[in-house]
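So you can see what is in the structure, the chains are spelled out below.
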Amino acid sequence: MHHTSRQTLLDWVRRGRLAPERLPAALALLELPPSAQRWQWLFDRLLLWLGSLCLGAGLVFFVAFNWQELGRLSRLALLELPLLAMLVLLWKRPMTGGARQALLLAIALNIGALLALVGQTYQTGADPWQLFATWALLLVPLAALGTSPLLWTLCWLLGQLALVLYWRLGLFDFFFAFDEEALGWSLSLFNLALWGALIPVPARWGLMPSWLAGLAAGLGITLLALLALFDAASPWVWPLWLGWLAAAYLRWHGRFIAGLAMGCLSLIAVILAALGKWMEPDINGFLLLSLIAIGLSVAASRWLQQQRRLHG
């Protein structure tokens, strides 16, 4: 069932699409305001996820705070024993839904803390990017076996962080020379390819949501377009930017308002940057740009609201 806002129902009443006497029943059907059961469900999930995060962070902080008092074996045991216990629990006790995902998140955080502990204790000489890359690779089989969109998303984030850290070492040479453009192209093309690959994948496979990769690709392409405006990136980015705008609209039109909002934001940012370059503004020029930004934002907001009403 699509979640329809209270304002949408009121618009339907004004337009005659919904009889006024049926409005209370429609609100009750959509649980507006939420029922006590919905609030209980929300607090149950919130406490579950907060508990999982606190468990993973608490193990890290306890070992870090007592670093001087604990020996090497004690530090390793404090992280390995909870990890072993959680893996046994995951194996022996079948769980579904939020409880399973929260346990997988705690295991993933524990694995990261264990990798950091080993690197700090034995001084392997590995760079930070190798730590995050190894962490991401270790989570791949866990995410696949657990069919966890959350862990797949975490792998995706860790992989991109490892790429950024590797780029900062000055060893990066891909498509272009070592500069911000090379990183932007790599992240943008990677996320575009991932977005295209995830779109046809059924939800039951438990992979990360495709829209995350699409939004990340849009952010990277927008940054490249801004660089290209000031001759800091190749002009080949313009066909890519226009292609992403078209693909985002066709993919998310009437389905995903946040994706359409990302497209509007990208368009507004590029227009303002182009106007700023052309005007070379002084104080009055910046005031004019501010007014243009407000006007474009209002127009985009009205268009998004219209799309939401039409397809809500």
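Everything numeric in this text was worked out from a predicted model, so none of it was measured.

On to the overall build of the protein, then. In terms of helices and strands, the protein carries 12 helices and zero strands. Helices (α) and strands (β) of the protein occur, in sequence order from the N terminus, as α-α-α-α-α-α-α-α-α-α-α-α. Relative to its full complement of 312 residues, the protein shows a buried share of 34%. Across the protein, every contact between residues at least 6 apart in sequence was considered, and the portion connecting residues at least 24 apart equals 60%. Within the structure as shown, the protein displays about 19,000 Å² of accessible surface, and the carbon and sulfur contribution to it stands at 69%.

As a further point, take unusual backbone geometry. Within the chain, Thr 147 stands out as a residue other than glycine whose phi angle is a positive 40°. You can see Thr 147 is positioned in the loop between helix H6 (128-146) and helix H7 (149-168).

Attention now moves to the packing of helix H4 (residues 72-92) against helix H5 (residues 97-122). Two elements in contact, H4 and H5, have axes whose closest approach is 10 Å; the angle formed by their N-to-C orientations is 155°. Considered as vectors, H4 and H5 are oriented roughly antiparallel to each other. In this structure, the crossing between H4 and H5 has a hand that is left-handed. The residue makeup of the contact of H4 with H5, split by class, is 18 nonpolar, two polar and four charged.

Moving on: H7. Taking 1.5 Å as the rise per residue, H7 with 20 residues should run 28 Å; its terminal C-alpha atoms sit 29 Å apart, in good agreement. Taken together, the buried positions of H7 are occupied by Leu 151, Thr 153, Leu 154, Cys 155, Trp 156, Leu 158, Gln 160, Ala 162, Leu 165 and Trp 167. Where H7 is buried, its residues meet H5, H6, helix H8 (180-198) and helix H9 (210-229).

By secondary structure assignment, the location of Ser 148 is in the loop between H6 and H7. Not counting residues up to four positions away in its chain, the partners in contact with Ser 148 are Gln 101, Leu 104, Ala 143 and Gly 206.

Counted at 1.5 Å a residue, the expected span for helix H3 (residues 36-65) with its 30 residues is 44 Å, and the 41 Å between its end C-alpha atoms agrees. Every buried residue of H3 is listed here: Ser 52, Gly 56, Leu 59 and Val 63. Against H4 and H5 lie the buried residues of H3.

The next subject is the packing of H3 against H4. Axis angle and axis distance: for two packed helices, these are the angle between their axes and the distance between the axes, and together they describe the pair. At a minimum axis distance of 9 Å, the contact between H3 and H4 shows a crossing angle of 165°. Comparing their axes, H4 and H3 come out roughly antiparallel. The interaxial crossing formed by H3 with H4 has right-handed handedness. Between H3, through Leu 55, Leu 59, Phe 62 and Val 63, and H4, the contact on the second element is made entirely by Arg 75, Leu 78, Leu 79, Pro 82 and Met 86. Of the residues in the contact of H3 with H4, the class split is eight nonpolar, no polar and one charged.

Core analysis: the biggest nonpolar cluster contains 27 residues, and Trp 195, Trp 241, Trp 244 and Trp 252 have the highest contact counts within it. Those elements giving two or more residues to this core turn out to be H8, H9, helix H10 (237-252), helix H11 (257-279) and helix H12 (283-311). Leave out the neighbours within four places in its chain, and Trp 241 touches Ile 221, Thr 222, Ala 225, Ser 266, Leu 267 and Val 270. Among the nonpolar cores identified, the runner-up in size contains 26 residues, and Ile 111, Leu 139, Cys 155 and Leu 158 belong to it.

Looking now at the packing of aromatic side chains. Summed over all chains, the structure comprises seven aromatic pairs. Consider the rings of Trp 238 and Trp 241, whose centres lie 5.8 Å apart with planes at 85°: the pair is edge-to-face. On the criterion of helical spacing, the pair formed by Trp 238 and Trp 241 is a turn pair, its members being three residues apart in helix H10. By relative accessible area, which is 6% here, Trp 241 ends up buried. One aromatic cluster is present, built from ring pairs that chain together Trp 195, Trp 211, Trp 252 and Phe 256. Here the basic side chain of Lys 92 rests over the ring of Trp 91, its NZ or CZ set 4.2 Å away from the ring centre.

Topologically, Ser 210 is positioned in helix H9. The exposure class assigned to Ser 210 is buried, which follows from its relative accessible area of 15%. Setting aside chain neighbours within four positions, we find Ser 210 in contact with Trp 195, Leu 198, Ile 199 and Arg 251.

Thresholds, definitions, all that
Residues numbered from 1 in each chain as written. Predicted model: local features only at pLDDT ≥ 70, side-chain atom pairs only at ≥ 80, totals over all residues. Heavy atoms only, no water. Helix = DSSP H or I, 4+ residues; strand = E, 2+ residues; numbered from the N terminus. Buried < 20%, exposed > 50% of the residue type's maximum accessible area, 1.4 Å probe, protein only. Contact = heavy atoms within 4.5 Å. Areas by Shrake-Rupley, 256 points an atom, 1.4 Å probe, with all protein chains shown as cover. Axes fitted to C-alpha atoms, helices over the stretch in contact; angles between N-to-C directions. Parallel < 35°, antiparallel > 145°, perpendicular 65-115°, else oblique. Left-handed = near helix turned anticlockwise from the far one by under 90°. Nonpolar A, V, L, I, M, F, W, Y, C, P; charged D, E, K, R; others polar. Expected span 1.5 Å × (residues − 1). Core = buried A, V, L, I, M, F, W, Y, C linked by side-chain atoms within 4.5 Å. Phe/Tyr/Trp six-rings, centres within 6.5 Å; stacked < 30°, edge-to-face > 60°. Lys NZ or Arg CZ within 6 Å of the ring centre and 35° of its normal.

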